[in-house]
Amino acid sequence: MAEKNLFTLIPKVDEILDKNSIKELLNYIPRKTVLDSIRMEIEEIRGKIKGKILSEEEIINEIENIDFKIKKRADEKNAYKLKRVVNATGVVIHTNLGRSLINEKIMDNVKEIAINYSNLEYDLETGSRGSRYSHLEEIIAEITGGEAAMVVNNNAAAVILVLSTMAKDKEVIVSRGELVEIGGSFRIPDVMEQSGASLVSVGTTNKTHLWDFENAINENTGALLKVHTSNYRILGFTSNVDSEELIPLKEKYNLPLIEDLGSGVLIDLSKYGIEYEPTVQESLRKGVDIVTFSGDKLLGGPQVGVIVGKKEYIQAMKKNPFTRAFRVDKFTISALEATLRYYLDEGAAVKEIPTLAMLVMCLEEIEKKAIELKSRMDEKSFDDSLQINIEDNFSEVGGGSLPLEKLPTKCIVLTLNDLSTQEFENNLRKFHIPIITRLYKDRVYLDLRTIKEEEFDVIVEGISFALNKVKGV
Ligand SMILES: *Cc1c(COP(=O)(O)O)cnc(C)c1O
């Protein structure tokens, strides 16, 4: 057939729109997206005819399958950009994968608030304006023992707000060993600068003494600051000044002591076999005036920065203009309130808060999951190109929390025979529910600690999809 005639075989846009398979698309995909997909597909076929790379038969085949390709294109275009993934990395608080999960009961509370009006800033007693922070203040105080509390968008914002309120145009003394950078864009010195406080670092990288702090105090000093070195540890010949040792000093000079705890642990996790980490309650009990921490790290809630401590400082913060800029929305407040409620009963917290449940999960339970997932994979009987094993390994806490902690775990390890592992892993990420794994020494690791049973089917399908792609079928 001549080239010209091939063009005439391409159906018109209206004809395509009339097909049942395309009409079905219009039930859930915006018309514009469907139309764009039709036009692009037609354009592609025209290009192929002009390019003369395909045989006449192949072109006719393409034209016959045009509906299928339009559907694929429209579905892809219509898929949400922010979507769920399977976290098979074993990093529990994975910042790139959204840190902490919230459970369905918490989500029900968020939904209730999201689809209805609420008393977000309304005092039901008086019928007049209320404060969005009031909903959380009591429960945070009850759990932590702090006098007052407030919540902002994240911990970075909390640190800026605290310093800007308590030490604007003043000097803040911090140990050099605590000048941390967290996740690239959060550097303690840079944040301090934004707040209008000026940083005075004392001591050396590995050693800071109490007298380093005392020597740096002068009439311009506004506060003493402790920063939890979340994501690294200085080991060996080291010494640092504990917040407890700073209490007599801050009292002697009548200065506030601020502590950025980073992770915000509210229960002692050492009884679950996890490295001891100072809790928020302890810092406050020792006499730290203001403590800040993240909501979505070890606390296991939504993204927030919690500020808790002396009432006079919290009250001043509420009047700081930054507060308006950093304020949390109603979904966040409802998710945080529901998460915090679990902390009134520690047993419930470690069971119901997904981050904590994953961290304290025992090896037997992880192994049971590994055996179950492997048997689902075996049922699928992938051929010899894929070898499936269960191996011992280690999970990580993540989120810059407890960097040295290695949690014993079980992984399913996939070894490919004569096929590209890199390409396989790549295709796992391209599955409609992307599966994020660990690639190590040319093998793919799936850590069962961070995988839910409800995800087993998706994983088996994803492996099947990726394997077929690598094989080119
Ligand atoms: C993680 C962390 C922060 C930043 O908290 P975000 O909630 O991510 O803004 C600040 N300080 C410390 C010590 C941290 O560990």
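The rules behind the values
- All residue numbers refer to positions counted from 1 along the written sequence of the respective chain.
- Local features in this predicted model are restricted to residues of pLDDT 70 or higher, and side-chain atom pairs are both shown and tallied only at a pLDDT of 80 or more, whereas totals for entire chains, interfaces and linings draw on every residue.
- For the side-chain quantities, the full set of heavy atoms in the structure was used; hydrogens and water were omitted.
- UniProt positions are given in the numbering used here, feature names are shortened, and annotations may be inferred rather than shown by experiment.
- Here a cavity is any set of points on a 1 Å grid over the protein atoms alone where a 1.4 Å probe fits but cannot get out, and a pocket is any open set with protein on both sides within 12 Å along at least 5 of 7 lines; a residue lines the site when it has an atom within 4 Å of a point.
- Grid points are joined across faces, edges and corners, and a volume is the space filled by probe spheres set on the points.
- Put simply, DSSP H or I for four residues or longer makes a helix, DSSP E for two residues or longer makes a strand, and each gets a number counted from the N terminus.
- The rule is short: rings of Phe, Tyr and Trp, with Trp giving its six-membered ring, pair when the centres are within 6.5 Å, and they are stacked under 30 degrees, edge-to-face over 60, tilted in between.
- Each residue is placed in one exposure class: buried if its accessible area under a 1.4 Å probe, protein chains only, is under 20% of its type's maximum, exposed if it is over 50%, and partly exposed if it falls in between.
- Only residues whose relative accessible area exceeds 30% and that form no salt bridge enter a patch; like-charged residues are grouped when within 9 Å of one another, and nonpolar side chains (Val, Leu, Ile, Met, Phe, Trp, Tyr) when within 5 Å.
- Using a 1.4 Å probe, accessible areas were evaluated by the Shrake-Rupley method; residue-level cover was limited to the displayed protein chains.
- In the sections that follow, a salt bridge refers to a side-chain nitrogen of Lys or Arg positioned within 4 Å of a carboxyl oxygen of Asp or Glu.
- By the counting rule applied here, Lys and Arg register as positive and Asp and Glu as negative, while His and the ends of each chain are not counted.
- The atoms used to mark charge sites are NZ of Lys, CZ of Arg, CG of Asp and CD of Glu.
- For helices, the fitted axis covers only the stretch in contact; all axes are lines through C-alpha atoms, and the angles between them, taken along N-to-C directions, range from 0 to 180 degrees.
- These descriptions rest on fixed angle ranges, namely under 35 degrees for roughly parallel, over 145 for roughly antiparallel, 65 to 115 for roughly perpendicular, and the rest for oblique.
- Each crossing is labelled by how the near helix is turned from the far one, with a counterclockwise turn of less than a right angle marking it left-handed and a clockwise turn marking it right-handed.
- For this analysis, residues touch if any pair of their heavy atoms sits within 4.5 Å.
- Lys, Arg, Asp and Glu make up the charged group, whereas Ala, Val, Leu, Ile, Met, Phe, Trp, Tyr, Cys and Pro make up the nonpolar group; the residues left over, Gly among them, are polar.

In the annotation of an unreviewed UniProt entry, the chain is listed under the name L-seryl-tRNA(Sec) selenium transferase and assigned to Tissierella carlieri. Of the chain, the UniProt comment under Subcellular location (unreviewed entry) reads exactly: "Cytoplasm". Per UniProt, the chain carries the Sequence similarities (unreviewed entry) text "Belongs to the SelA family."

**A short note on empty space enclosed by the protein**
Here the structure, examined in full by the defined rule, presents 1 cavity of 30 Å³ or more. Considering only enclosed or pocket space, the largest cavity measures out at about 40 Å³ in volume. Taken together, Ile140, Ile143, Thr144, Leu266, Phe293, Leu299, Val306, Leu336 and Leu340 make up the full set of residues lining the largest cavity. If you list the elements that add at least two residues to the lining of the largest cavity, you get α8 (134-144) and α16 (330-342). The element contributing the most residues to the lining of the largest cavity is α8, with 3 residues.

**Structural notes on the packing of aromatic side chains**
Scanning all chains against the criterion turns up 3 aromatic pairs. Relative to Phe465, the ring of Phe431 lies with its centre 5.2 Å away and its plane at 50°, an arrangement referred to as tilted. Of the two residues, Phe431 sits in the loop between α20 (421-430) and β16 (435-436) while Phe465 sits in helix α21 (residues 456-471), which places them 34 residues apart along the sequence. Of the residues examined, Phe431 reaches a relative accessible area of 7% and is grouped as buried. The exposure class of Phe465 is partly exposed, given its relative accessible area of 27%.

**A look at a negative patch on the surface**
Taken together, the side chains of Glu104, Asp108, Glu112, Glu365, Glu453 and Glu454 present a region of like negative charge at the surface. The leading source of residues in the negative patch is helix α7 (residues 104-115), at 3 residues. With respect to the helices and strands, the residue Glu365 is situated in helix α19 (residues 363-379). Here Glu365 falls in the partly exposed class, since its relative accessible area comes to 40%.

**Considerations on unusual backbone geometry**
Unlike most non-glycine residues, Lys52 shows phi in positive territory, near 55°. Mapped onto the fold, Lys52 is located in the loop between α4 (31-51) and α5 (56-64). Of note in the backbone geometry, Asp169 takes a positive phi value of approximately 60° without being a glycine. Relative to the elements of secondary structure, Asp169 occurs in the loop between α9 (155-167) and β6 (171-175).

**A few points about the pattern of salt bridges**
Counted under the stated rule, the structure contains 34 salt bridges. In this structure, Lys69 and Glu41 form a salt bridge, with 3.7 Å as the shortest nitrogen-oxygen distance. In this pair, Lys69 sits in helix α6 (residues 66-78) while Glu41 sits in helix α4, placing the two residues 28 residues apart along the sequence. Residue classification places Glu41 among the buried positions, given a relative accessible area of 2%. Several salt bridges share partner residues, and in doing so they unite Glu41, Glu44, Lys48, Glu62, Lys69 and Arg73 into one network.

**Quick look at the packing of α4 against α6**
Two elements in contact, α4 and α6, have axes separated by 9 Å at closest approach and are oriented at 130°. The orientation of α4 with respect to α6, classified from their angle, is oblique. When you trace α4 past α6, the crossing you get is right-handed. Here Thr33, Asp36, Ser37, Ile38, Met40, Glu41, Ile42, Glu44, Ile45 and Lys48 of α4 come into contact with α6, specifically with Ile66, Lys69, Ile70, Arg73, Ala74 and Lys77. Taken together, the residues that form the contact of α4 with α6 break down as 7 nonpolar, 2 polar and 7 charged.

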